[in-house]
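In case you want the letters, here they are:
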Amino acid sequence: MRQRRLGQQGLQVSMVGLGCMGMSEFYGPANDAESIKVIHRAIELGVTFLDTADMYGPFTNEVLVGRALQGHRSEVILATKFGNVRGEHGEFHGVNGDPDYVRAACDASLRRLGVDYIDLYYQHRVDTKVPIEETVGAMAELLQAGKVRYLGLSEASAATIRRAHATHPISALQSEYSLWTRDLEAEVLPTIRELGIGLVAYSPLGRGFLTGAIQSPDDLDESDTRRRHPRFQGENFAKNLELVATVREIAERTGHTPAQIALAWLFAQGDDIVAIPGTRSVERLAENAASVDVVLSPEELDLIDRAFPVGVTAGDRYPDMSTVNR
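Quick caveat, the model's predicted, so the values are computed rather than measured.

Procedures and definitions
- Residues numbered from 1 in each chain as written.
- Predicted model: local features only at pLDDT ≥ 70, side-chain atom pairs only at ≥ 80, totals over all residues.
- Heavy atoms only, no water.
- 1 Å grid on protein atoms, 1.4 Å probe; cavity = no way out; pocket = protein on both sides within 12 Å on 5 of 7 lines; lining within 4 Å.
- Points joined across faces, edges and corners; volume = space filled by probe spheres on them.
- Buried < 20%, exposed > 50% of the residue type's maximum accessible area, 1.4 Å probe, protein only.
- Helix = DSSP H or I, 4+ residues; strand = E, 2+ residues; numbered from the N terminus.
- Contact = heavy atoms within 4.5 Å.
- Pairing = 2+ DSSP bridges.
- Polar contact = N/O pair within 3.5 Å; in protein donor to acceptor, adjacent residues only side chain to side chain.
- Phe/Tyr/Trp six-rings, centres within 6.5 Å; stacked < 30°, edge-to-face > 60°.
- Lys NZ or Arg CZ within 6 Å of the ring centre and 35° of its normal.

A. Spotlight on the layout of surface pockets. The space that makes up the second largest pocket amounts to roughly 170 Å³. In terms of lining, the second largest pocket is formed by 13 residues, of which the most central are Glu155, Asp183, Leu184, Val188 and Asn325.

Here you go:
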């Protein structure tokens, strides 16, 4: 597994990481035993950049990842997030970037994960009620205390990133980026490159859509939250399904899978980009890991770019977009 550098502060991670969210919530019933097997296999394959958050579960995903890491802590780069506040029963209480909350959230994550430090600590969503300088200032205190090693933001606007980075160097921005979500290419990507911040692309396979495995909303479990996402509904679904045909065509021609083509395109956008596709399958994990060896020709990249221009995907990313790109 190849490594890539995120930011200018020394953080290096596996080019393909593992998003652990779906192991505990949102994408159908959980199976902790199988998920732990996937995490252990990921470590064996060199997929050692693991991503979680306190809100996933809620809270249970950090516990799961912590269990899987017993005896393996030194082998991984562990990332988690704070800021999306949820109650014990899953209810959402908004976004919180207050310094006292930042400190309390970090301590709670350390306890659930069962670790002494977090490698990369993100603000999950920007709290517009609290100046970003105050939030990042509290995050920097955690770094000075040895509780975290590097700082990150998620779904932040270019202006917010600049203010945050001026307060304390930011190593990574985690935002949705894939063939069907290219919005950040206009302002955010140029900004983080100017500042020397790396990009961690979440949902790099379009929440599974770009794999070609989802042919109908009925392919998703009744409890799967993607059923409520605009891109997975009605006419939007049908239009987006047509887009995947180009990816499948190139995959068939080159002997790879659609997922590998989608990830290869992402990696070709710059050596400051890594991906954290989520999976609960050892087979899909190995497939994703092998994408680092797929090299697309200039002609193939051009064909993909023409099939997936910015804004071509039908429907918003989320049912409620109010907390992204702030």
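Past the structure itself, the notes keep going.
B. Summary view of helix α2 (residues 60-68). Restricting attention to buried positions, one finds in α2 the residues Asn61, Glu62, Leu64, Val65, Gly66 and Ala68. Tucked into the core, α2 has its buried residues touching α1 (32-45), β5 (77-82) and α3 (99-113).

C. Region of the structure containing the pairing of strand β1 (residues 3-6). Of the two faces of β1, only one is covered, namely that formed by Arg4 and Leu6; the face formed by Gln3 and Arg5 stays uncovered. Sheet topology note: the β1/strand β2 (residues 11-14) ladder contains 4 bridges and is antiparallel. When the bridges of β2 are listed, leucine 6 appears paired with leucine 11.

D. Layout of the side chain of arginine 125. In this fold, arginine 125 is placed in the loop between β8 (118-123) and α4 (132-144). Side chain to side chain, arginine 125 and serine 154 meet in a polar contact 3.4 Å long. For arginine 125, the residues in contact, after removing those within four places along its chain, are Phe82, Asn84, Val95, Ser154, Glu155, Tyr202, Tyr318, Thr323 and Val324.

E. Layout of the packing of aromatic side chains. Counted according to the given criterion, the structure contains 6 aromatic pairs. Geometrically, the ring pair formed by tryptophan 180 and phenylalanine 232 is edge-to-face, given 6.0 Å between the ring centres and 80° between the ring planes. Taken together, the residues span a long stretch of sequence, with tryptophan 180 in the loop between β10 (172-176) and α6 (188-195) and phenylalanine 232 in the loop between β11 (198-202) and α7 (234-254) at a distance of 52 residues. An angle of 55° between the planes, with centres 5.0 Å apart, marks the rings of phenylalanine 209 and phenylalanine 237 as tilted. Taken together, the residues phenylalanine 209 in the loop between β11 and α7 and phenylalanine 237 in helix α7 connect sequence positions 28 residues apart. One aromatic cluster in this structure is built from Trp180, Phe209, Phe232 and Phe237. Lying over the aromatic face of tyrosine 27, arginine 226 brings its terminal NZ or CZ to 4.1 Å of the ring centre. In this structure, arginine 231 is placed above the aromatic ring of tryptophan 180, and the distance from its NZ or CZ to the ring centre is 5.0 Å.

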